[in-house]
Structure formats: C-alpha cells, structure tokens
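Understanding the architecture of this molecule
Spelled out, the chains give:
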Amino acid sequence: MDTGAINLTGLSIAALSSQPRAEQLAEKREIVQAVQALNKAEAFGQDQELTFTFDRDSRRTVLKIVNRTTGEVVNQIPAEHVLRLARSVGKR
C-alpha cells in the first residue's frame, strides 16, 4: 500500500466535518489503513507503533508513537505543551 500520498499532518476535524458523511468515512478508512500498514511494516521500529487520538479540549488530532510493550509515548505531534497552550487559548 502506498502511504506517501496521504498527508497525515493535514488531517483536521474541521475539514472532515465539512465533507459529506460518505466522504468522511472513506477518508477515515484510508487513514486507518495507512496507519495499519505503517505499523505492520514496523516503520517506527519493532516495538513502536503509530496511534491517533483526539484531544477534545483543544479539538486537535494527536499523533503518537507509542512503545508497544510499556505504553510509553516516545513522540507526539502536537507536543503536550502545545496542546496545553491550545486548551488555555480556547477557554478565553
């Protein structure tokens, strides 16, 4: 599976919400398949995997590289301090 054409950093909930429901589901399915392919290929190492979460307070998609064994977050985009900043700005 070619994952080069998917721009994961450009994914936003706002963009998905403006699309028709069928397109949203198709795009989400493509993203899930891309993440599964990357994890299966061990693109981030044998003991690490890519995960997506949604931070409700900042309303941002969060990408994490997680150690499969320990559950430790190895890397995160956006970083936790950026999410805290976005949360504080959003509450004003």
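Attention in this report is confined to the structure presented alongside it. On a predicted model such as this, the values are computed, not experimentally measured, just so you know. (Residues numbered from 1 in each chain as written. Predicted model: local features only at pLDDT ≥ 70, side-chain atom pairs only at ≥ 80, totals over all residues. Heavy atoms only, no water.)

Observations concerning the overall build of the chain
Note the cut-off: Secondary structure elements follow DSSP: runs of H or I of four or more residues count as helices, runs of E of two or more count as strands, with numbering from the N terminus. Think of it in three bands: with a 1.4 Å probe and only protein chains considered, a residue is buried below 20% of the maximum accessible area for its type, exposed above 50%, and partly exposed in between. We call two residues in contact when some of their heavy atoms are within 4.5 Å. Only the protein chains shown count as cover for residues, with accessible areas throughout obtained via the Shrake-Rupley method and a probe of 1.4 Å.
Secondary structure summary: the chain contains three helices and three strands in total. Taken from N to C terminus, the helices and strands of the chain fall in the order α-α-β-β-β-α. Counting all 92 residues of the chain, 25% fall into the buried class. Across the chain, every contact between residues at least 6 apart in sequence was considered, and the portion connecting residues at least 24 apart equals 27%. Summed over all atoms, the accessible surface of the chain reaches about 6500 Å², with 50% contributed by carbon and sulfur.

Brief notes about the pattern of salt bridges
Inclusion rule: Salt bridge criterion: a side-chain nitrogen from Lys or Arg within 4 Å of a carboxyl oxygen from Asp or Glu.
A complete count under the given rule lists three salt bridges for this structure. One salt bridge connects Arg87 with Asp55, and the closest N-O pair in it is separated by 2.5 Å. Of this pair, Arg87 sits in helix H3 (residues 80-90) while Asp55 is found in strand S1 (residues 48-55), placing the two residues 32 residues apart along the sequence. For the residue pair Arg87 and Asp55, the accessibility class agrees, reading buried in each case. Three or more residues are tied together by salt bridges with common partners; here these are Asp55, Glu80 and Arg87.

Some details on the sheet that holds strand S3 (residues 73-77)
Sheet strands associate in pairs through backbone hydrogen bonding, adopting either a parallel or an antiparallel arrangement. Here is the rule we go by: Paired strands, in this sense, are two strands between which DSSP finds at least two bridges. Between the N-to-C directions of two axes lies an angle of 0 to 180 degrees, each axis being a line fitted to C-alpha atoms and, for a helix, fitted only over the stretch in contact.
As summarised here, the arrangement of the three strands in space is S1-S2-S3, forming an open sheet in which the pairing is antiparallel. What marks the edges here is a single partner per strand, and that holds for S1 and S3. For this sheet the average axis-to-axis angle between neighbouring strands, irrespective of direction, equals 25°. For S1 and strand S2 (residues 60-67), the ladder comprises eight bridges, and the chain directions are antiparallel.

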